[in-house]
Amino acid sequence: ELTDKLQIITNRINGLQSLLGQDDKYDYDYDDEEDTSSSDTYGLGDTFTFDDIEYTLGTTISYGVVENMFSDVDGKDAIKVPVTVKNVGDESTSVSTLWMKLYGPSGNELANVEYYFDDSIAYAGSLLPGATKDTYIYLLYESDGTYTMEFDDWTDKLTVKFDVTK
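Attention here is on the structure that accompanies the text. (Residues numbered from 1 in each chain as written. Predicted model: local features only at pLDDT ≥ 70, side-chain atom pairs only at ≥ 80, totals over all residues. Heavy atoms only, no water.)

## What about unusual backbone geometry?
What you tend to see is this: most non-glycine residues have negative phi, and most peptide bonds are trans. How we decide: Only DSSP runs of H or I covering at least 4 residues are called helices, and only runs of E covering at least 2 are called strands; the numbering of each starts at the N terminus.
If you check the backbone angles, Asp-51 has positive phi at about 55° while not being a glycine. Following the sequence through the fold, Asp-51 ends up in the loop between β2 (47-50) and β3 (53-57). Its identity as a non-glycine residue notwithstanding, Trp-154 has a phi of 80°, on the positive side. As for its position among the elements, Trp-154 is in the loop between β10 (145-152) and β11 (156-164).

This is how it looks when you write it as structure tokens:
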């Protein structure tokens, strides 16, 4: 993945050099490049660290209902995954869902319902070093099956998978 991205950048640089009439091509052997990114898979009950935040997922999910008459998902069920977040860094940091994508059993990205619930991780705010907060990650219920949460900031990639039977 990282190699593919670097190859695209190299191709674009070479294309720009051609447009400018420069004959020197930049060439790099990406097969020798060591991939320093990490990719791990977790489940409910696991603890992992991403972007100086330690996430401890609960083992028991529950459900909520989206209540917003202006939303396309009004009245639909949402899966409620308990999570404790802890700042393990040296500075205050915000708990962000920017790097998180949620997928249903179909493999399609789910509509974001985080902001419809007051106890959502989207409202966790900032934490001082060592501070913890109990909150929830909400996923739109699509059907029974395996749900996936991906945390990806281009250097680290973590995946959480869990089964839901309603």
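Right, picking up where we left off after that structure.
## Focus: the side chain of Thr-93
Let me state the cut-off plainly: Think of it in three bands: with a 1.4 Å probe and only protein chains considered, a residue is buried below 20% of the maximum accessible area for its type, exposed above 50%, and partly exposed in between. The contact criterion used throughout is that any non-hydrogen atoms of two residues lie within 4.5 Å.
You can see Thr-93 is positioned in strand β6 (residues 93-94). The exposure class of Thr-93 is buried, given its relative accessible area of 19%. When near neighbours in sequence (up to four residues on either side) are disregarded, Thr-93 contacts Ile-53, Asn-87, Gly-125, Ser-126 and Leu-127.

## Some points on a negative patch on the surface
Cut-off, in case you're wondering: The residues that make up patches have over 30% relative accessible area and no salt bridge, and they are joined within 9 Å when like-charged or within 5 Å when they are Val, Leu, Ile, Met, Phe, Trp or Tyr. Shrake-Rupley sampling with a 1.4 Å probe provides the accessible areas, and residues are treated as covered by the protein chains on show and by no other component. We define a salt bridge as a contact between a side-chain nitrogen of Lys or Arg and a carboxyl oxygen of Asp or Glu at a distance within 4 Å. The charged-residue count follows a simple rule in which Lys and Arg add positive charge and Asp and Glu add negative charge, with His and chain termini not counted at all. Here the site of a charge means atom NZ of a Lys, CZ of an Arg, CG of an Asp or CD of a Glu.
Side chains of Asp-40, Asp-51, Asp-52, Asp-90, Glu-91 and Asp-156 sit close together on the surface and give a patch of like negative charge. With relative accessibility at 42%, the residue Asp-51 sits in the partly exposed group.

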